[in-house]
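# Examining the three-dimensional arrangement
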Amino acid sequence: MAGTINIAPHSKVTASTSKNNKFQPSNLTDGIISVDGMGEWACEGVTTSWGYIRFPWARLEWDKTQTIKRIILYDRPSEEEHAATVKIHFSDGTFLWMNQIPNDGTARRIDFPAKKTKWIKLEVTDGTGKDVGFSEVEVYAEQGADTDPVNWVDPYIETNRGRDFFFITGSRPFGMLTSAPMTRNKNQGGGAYNYNENEILGFEQIHDWMIAGLEIMPASANADPIMGHKGWKSKFSHDDELVEPGYHRVFLRDPKIWVEQTSTERVGLYRFRFTEKMKAQIITNLGGFVISNRMTNAEIKKVSDTEFEGSFSTVDRFWGGPKDVRIFFSVRFDKPFQQLSGWNGNKKTKDIEQHKGENDGV
């Protein structure tokens, strides 16, 4: 289920027509997904009063033959134009149908037996609106087609029943941070990231034996941290999720935020892309039970408008161990935040310079 990298950006993209310079075919592989009016390809639409729509096509061609097994399509997020069905042509003369493409910019994924092709042509055969097109096209090669042995790794192994430290895509071998999203908050038997769940509770930065925590979650400003996971959790889909060794991408469907994560040996790196303008917050939860222990006695201090640092204790280990292991951390942003706020139980505090409590976060 894990795959090699998306090979669509390595192709030459052409199309039947383009609406204007803002909606060129090259936007199909630019990595900007489901952002209305940005990074999209749209055709020069022609319609009639009796219902005719001139449906477009787009073609991706590589310098050499590729062995591919998966295509993911993203319609333009605007509901006024909808590419509902696509006929996918391959250079060997065969084709596949991709039906019921969502009309909100979310993914439609099709998997098929690996096949060799020099190009693919995406022919829209049904839809509504005038300037029909796509937000993005992703194409994935057969696992093992790449010469890099790392690309043979399947990170999903054991995610239906394993332990929290088995699925840690945001980490390096023996790295200091071992980050991954959490979908089920329990110690084992499918704890932490479980493939069968459809909601992400948060992104935990630590997944080690009897040590877990430092939870981060991007959310809209309306999410209430006092409610815990119920206040900020989000639905997600495996259709647009990319899981590779050292890299993870997922779309939080409730706030409509793309989350990417990777790491160095000592640092966990996140990129949040907001597909709509919104008042947002980055929640950092430093209290309560998480996977195999409990976080408590948190302390944080504002360093600047782009950084805060702190520590918390991990206690009540499920299978024993040291009574109290203190974790120290620093969180840095590439853009300044407007304010740093906190909560402790049911009490919220705004514009803080420092914060302290037993069940708190920022």
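Now for a quick tour of the structure. Note that the structure is a prediction, hence the values are computed from the model and not measured.

Cut-offs applied
Residues numbered from 1 in each chain as written. Predicted model: local features only at pLDDT ≥ 70, side-chain atom pairs only at ≥ 80, totals over all residues. Heavy atoms only, no water. Helix = DSSP H or I, 4+ residues; strand = E, 2+ residues; numbered from the N terminus. Rg over C-alpha atoms; globule rule 2.2 N^0.38 Å. Buried < 20%, exposed > 50% of the residue type's maximum accessible area, 1.4 Å probe, protein only. Contact = heavy atoms within 4.5 Å. Areas by Shrake-Rupley, 256 points an atom, 1.4 Å probe, with all protein chains shown as cover. Lys, Arg positive; Asp, Glu negative; His and termini not counted. Charge placed at Lys NZ, Arg CZ, Asp CG, Glu CD. Pairing = 2+ DSSP bridges. Polar contact = N/O pair within 3.5 Å; in protein donor to acceptor, adjacent residues only side chain to side chain. Axes fitted to C-alpha atoms, helices over the stretch in contact; angles between N-to-C directions. Phe/Tyr/Trp six-rings, centres within 6.5 Å; stacked < 30°, edge-to-face > 60°. Lys NZ or Arg CZ within 6 Å of the ring centre and 35° of its normal.

For the protein, the count of helices and strands is one helix and 25 strands. Computed over its C-alpha atoms, the radius of gyration of the protein comes to 23 Å, within 12% of the 21 Å expected for a compact globule of 362 residues. Each of the three principal axes of the protein carries a C-alpha extent, and together these read 70 × 45 × 30 Å. When burial is assessed residue by residue, the protein has 51% of its 362 residues classed as buried. Counting contacts in the protein only where the partners sit at least 6 residues apart, residues at least 24 apart contribute 63% of the total. Only carbon and sulfur atoms are counted for the fraction: they give 50% of the accessible area of the protein, which is about 17,400 Å². Of the side chains in the protein, 45 bear a positive and 49 a negative charge, and the two mean positions are spaced by 0 Å.

Judged by how many residues are buried, strand β7 (residues 133-141) sits mostly within the fold: nine of nine residues are covered. Taken together, the two bridges between strand β2 (residues 41-42) and β7 define a ladder with antiparallel strand orientation. Directly across from Trp41, in β7, lies its bridge partner Phe134. As paired strands, strand β3 (residues 57-75) and β7 are joined by seven bridges and run antiparallel to one another. Across the sheet, residue Tyr74 finds its bridge partner in β7, namely Glu136.

To continue, consider the side chain of His238. Here His238 is to be found in the loop between β12 (234-235) and β13 (242-244). Exposure remark for His238: the relative accessible area of 14% places this residue in the buried category. A distance of 2.8 Å separates the side chain of His238 from the backbone oxygen of Tyr195, its partner in a polar contact. Aside from chain neighbours lying at most four places away, what touches His238 is Arg109, Tyr156, Tyr193, Tyr195 and Glu197.

This part takes up the side chain of Ser135. The residue Ser135 is located in strand β7 in this model. Separated by 2.8 Å, the side chain of Ser135 and the backbone nitrogen of Ser34 make a polar contact. In this structure, Ser135 is in contact with Asn27, Leu28, Ile32, Ile33, Ser34, Val35, Gly39, Glu40, Tyr74, Asp75, Arg76 and Pro77, ignoring residues within four places of it in sequence.

If you trace the four strands from one edge of the open sheet to the other, you get β13-β14-β15-β16, paired in antiparallel fashion. Only two strands of the sheet have a single partner each, and these edge strands are β13 and β16 (268-274). On average, each strand axis in the sheet is inclined to that of its neighbour by 15 degrees, with strand direction left out of account. Alignment of strand β15 (residues 257-263) against β16, held across seven bridges, turns out to be antiparallel. The residue of β16 that forms the bridge with Ser263 is Gly268.

What follows is about the packing of aromatic side chains. Throughout the structure, instances matching the rule amount to 20 aromatic pairs. Aromatic side chains Tyr270 and Phe272 sit 5.9 Å apart centroid to centroid with 35 degrees between the ring planes, which places their arrangement in the tilted category. Feature note: the residues Phe308, Phe312, Phe329, Phe333 and Phe337 constitute an aromatic cluster, connected by ring pairs. The aromatic ring of Phe95 is capped on one face by Lys87, whose charged end is 4.3 Å from the ring centroid. If you follow Lys115 out to its NZ or CZ, it ends over the ring of Phe90, 4.5 Å from the centre.

Bear in mind that shape data such as this cannot, by itself, settle questions of function.
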